[in-house]
Amino acid sequence: MRPLALLDTYGAALAAAGLDVPVEPAPGIHCAPAGRFLSARLPVADLATGAVAAFAAAADRYRHTHGLAPQGARLDPERIAASFAGDRMLRMAGRPVPGFAALSGFFPAADGWVRTHANYPHHRARLLRALELPDDTDRAGCAARLRQLPATAVEDAAAGHDAIAVRVRTEHEWATSPQGRAAAAGPLVRILARDDTADRTVAGDDPARPLAGLRVLDLTRVIAGPVAARALGLLGAEVLRIDPPALPEIPWQHAENGQGKRTALLDLHARSGRETWRRLLADADVLLTGYRPGALDALIGAPGTIRPGLVHGRVCAWGWSGPWADRRGFDSIVQAASGIAVAEGDSDAPGALPVQALDHASGYLLAAAVLDALAARHRDGRGRDVAVALARTAAWLLQAPGRDPHPPPVPARPGPRTVATHAAVTTARPALAEYPDYPFPARAWGGDPAAWVV
């Protein structure tokens, strides 16, 4: 499989949206094989390289729209792998961080396997309630309970309590289920034009920072949405991340993907918080959200009515239709439900991709689509809704040719040139090799005012 095959699928999505842009990368984008750093049975290196290439090519299309010189890109496989493995490259005070909490992971059930996600305290509490376990239950106690229950019963109980656990399925089981069919349907990236319009987009005059002067509101968490916002910040956008005060971010997670952003706290359930939010949104160019379908509109109304011409980028786990559209999910959970865990496992236990590739790839695809939507807005003034789903990205990976039945058991680790250290925190450098680092390291979570700087 050619490393940039994902661009064909991305180009088809743009064509379906009525955007007449070339599907091939710009001549200045060069790619080298990335397999040894992201070795897996599934072609995860092709997914990663193609997603970053889509972002780089969209950035050049945006530059062209505004009369700026193209930058091209050297797609360094080691840099891409380090960025996609950001949690594993991260060091805080010289120490690695735990990627998953004690109650997150694979567990044997009475008739198969389940995978849980309980990194956030509120998700842990919901999982224990779903399993009818006390709040102080440890991993061994959780495992003992799960061994007593059928995997489907665990999945159903979790869904009923807004907890996160799924039954591990084969590819065929997922592909033939109603939720699997819905997740694989539609374009890889969905771009829908709205009727509201705005003035032409103002661009910076520095090709390395073509988004200078644009404002991005980031309401996303974990990986995919924050990666998209971080990528837009890399190109010069002013990114303001907004979080609810009652749900603190995991500190190491913010250190890894909060780079290049300011960060403020705002309670959208309070009247004063909603008023501040509307003022921020009225002056924004891009809004990124990770809410389940319809949740944000129910809270504050359709963003395009507050800011005509807004580009609204959304990320979700399971897609925008089907029986699981309103369920929570994460990369590891989508891997387990979709058959990826079985494909990467063995007869004894399910496995996983070497990195959270669905999250990172979806993040770069979302950033690419936002750039193409901004370029289109410069031409016609129309606001657009842009959406990606982890399960749709998973469908691309599962359908792609180029599987390796016998990959190296341990991927090569990216070297020291792929990281940067600021004070006590070491993080992966940007995936695009032309950028030595992000504009600034992650700031104290929630420590900035809820206001635009420029």
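Under the annotation held in an unreviewed UniProt entry, the protein chain carries the name CoA transferase and is attributed to Rhodococcus indonesiensis.

Enquirer: Mind laying out the overall build of the protein chain, listing which residues take part and the relevant values?
Expert: A tally of helices and strands in the protein chain yields 18 helices and 15 strands. In terms of overall dimensions, the protein chain is globule-like: its C-alpha atoms have a radius of gyration of 21 Å, near the 22 Å expected for 454 residues. By principal-axis analysis of the C-alpha atoms, the protein chain measures approximately 60 × 50 × 45 Å. Looking at the protein chain as a whole, 59% of its 454 residues qualify as buried. A fraction of 76% describes how many contacts in the protein chain between residues 6 or more apart in sequence connect residues 24 or more apart. A total of about 17,300 Å² of accessible surface is found on the protein chain, and carbon and sulfur atoms cover 55% of it. Distance from the positive charge centre (49 side chains) to the negative charge centre (46 side chains) of the protein chain: 2 Å.

Enquirer: Explain the nonpolar core to me, and be specific about the residues and the numbers.
Expert: Counting 109 residues, the largest nonpolar core has V189, L232, W318 and Y364 as its most contacted members. Counting residues per element, this core draws most heavily on helix α17 (residues 357-380), at 15 residues. With residues up to four places along the chain from it excluded, the contact list for Y364 reads A51, V52, F55, S83, F84, V227, R230, A231, A431 and Y438. In this structure, A109, L133, C142 and A165 belong to the second largest nonpolar core, which totals 18 residues.

Enquirer: Run through helix α10 (residues 224-234), naming residues and quoting values.
Expert: Along an α-helix, a turn takes 3.6 residues, which lines up residues three or four apart on a common side. The element α10 is extensively covered by neighbouring structure, given that 11 of its 11 residues are classed as buried. Residue G236 follows α10 closely and has a positive phi angle near 105 degrees.

Enquirer: Go over the side chain of H254, please, and point to the residues and values.
Expert: Looking at the element boundaries, H254 is found in helix α11 (residues 251-257). We classify H254 as buried; its relative accessible area is 6%. Not counting the four nearest positions on each side in its chain, H254 is found in contact with R241, E249, T263, A442, R443, A444 and W445.

Enquirer: Give me the lowdown on helix α18 (residues 390-399), citing residues and values where you can.
Expert: Most of α18 sits out of view: 9 of its 10 residues are buried. Of all the residues in α18, the buried ones are L390, A391, R392, T393, A394, A395, W396, L397 and L398.

Enquirer: Please set out the pairing of strand β12 (residues 311-316) residue by residue, giving values where relevant.
Expert: With 6 of its 6 residues buried, β12 lies for the most part within the structure. Here β12 shows two buried faces, one formed by V311, G313 and V315 and the other by H312, R314 and C316. Sheet topology note: the strand β11 (residues 286-289)/β12 ladder contains 4 bridges and is parallel. Pairing of V286 across the sheet is with V311, part of β12. The pairing of β12 with strand β13 (residues 382-389) spans 6 bridges and is parallel. Considered in β13, the bridge of G313 is made with V386.

Enquirer: Break down the packing of α17 against α18 for me, citing the residues and quoting the values.
Expert: Between α17 and α18, whose axes approach to 9 Å, the crossing angle comes to 105 degrees. Accordingly, the angle class assigned to the pair α17 and α18 is roughly perpendicular. Contacts between α17 and α18 involve L358, D359, A361, S362 and L365 from the former and L390, T393, A394 and L397 from the latter. Looking at the contact of α17 with α18 residue by residue, the classes come out as 6 nonpolar, 2 polar and 1 charged.

Enquirer: Break down the sheet that holds strand β8 (residues 215-219) for me, citing the residues and quoting the values.
Expert: Spatially, the 7 strands line up as an open sheet ordered β7-β13-β12-β11-β8-β9-β10, and their pairing is mixed. Single-partner strands in this sheet number two, and they are β7 (190-197) and β10 (262-265). When the angles between neighbouring strand axes are averaged without regard to direction, this sheet yields 20 degrees.

Enquirer: Break down the packing of aromatic side chains for me, citing the residues and quoting the values.
Expert: Inspection of the entire model under this criterion finds 5 aromatic pairs. With a centroid separation of 5.9 Å and 55 degrees between ring planes, the pair formed by F55 and Y364 is classed as tilted. Taken together, the residues F55 in helix α2 (residues 44-65) and Y364 in helix α17 connect sequence positions 309 residues apart. Summarising the aromatic geometry, the rings of W174 and W318 are spaced 5.7 Å apart at their centres and angled 50 degrees between planes, so their arrangement reads as tilted. With a gap of 144 residues between them, W174 in helix α8 (residues 171-175) and W318 in the loop between β12 and α15 (331-338) connect regions that are remote in the sequence. This pair shows no difference in class: W174 is buried, exactly as W318 is. Feature note: the residues F55, F84 and Y364 constitute an aromatic cluster, connected by ring pairs. Taking NZ or CZ as reference, R115 lies 4.4 Å from the ring centre of F106, over its face.

Enquirer: Give me the pattern of salt bridges: which residues, what numbers.
Expert: The full count for this structure, using the stated rule, is 25 salt bridges. The shortest N-O distance in the salt bridge between D448 and R443 comes to 2.7 Å. A single salt-bridge network, built from bridges that share partners, covers R74, D76, E78 and R417.

About the thresholds
- Residues numbered from 1 in each chain as written.
- Predicted model: local features only at pLDDT ≥ 70, side-chain atom pairs only at ≥ 80, totals over all residues.
- Heavy atoms only, no water.
- Helix = DSSP H or I, 4+ residues; strand = E, 2+ residues; numbered from the N terminus.
- Rg over C-alpha atoms; globule rule 2.2 N^0.38 Å.
- Buried < 20%, exposed > 50% of the residue type's maximum accessible area, 1.4 Å probe, protein only.
- Contact = heavy atoms within 4.5 Å.
- Areas by Shrake-Rupley, 256 points an atom, 1.4 Å probe, with all protein chains shown as cover.
- Lys, Arg positive; Asp, Glu negative; His and termini not counted.
- Charge placed at Lys NZ, Arg CZ, Asp CG, Glu CD.
- Core = buried A, V, L, I, M, F, W, Y, C linked by side-chain atoms within 4.5 Å.
- Pairing = 2+ DSSP bridges.
- Axes fitted to C-alpha atoms, helices over the stretch in contact; angles between N-to-C directions.
- Parallel < 35°, antiparallel > 145°, perpendicular 65-115°, else oblique.
- Nonpolar A, V, L, I, M, F, W, Y, C, P; charged D, E, K, R; others polar.
- Phe/Tyr/Trp six-rings, centres within 6.5 Å; stacked < 30°, edge-to-face > 60°.
- Lys NZ or Arg CZ within 6 Å of the ring centre and 35° of its normal.
- Salt bridge = Lys/Arg side-chain N within 4 Å of Asp/Glu carboxyl O.

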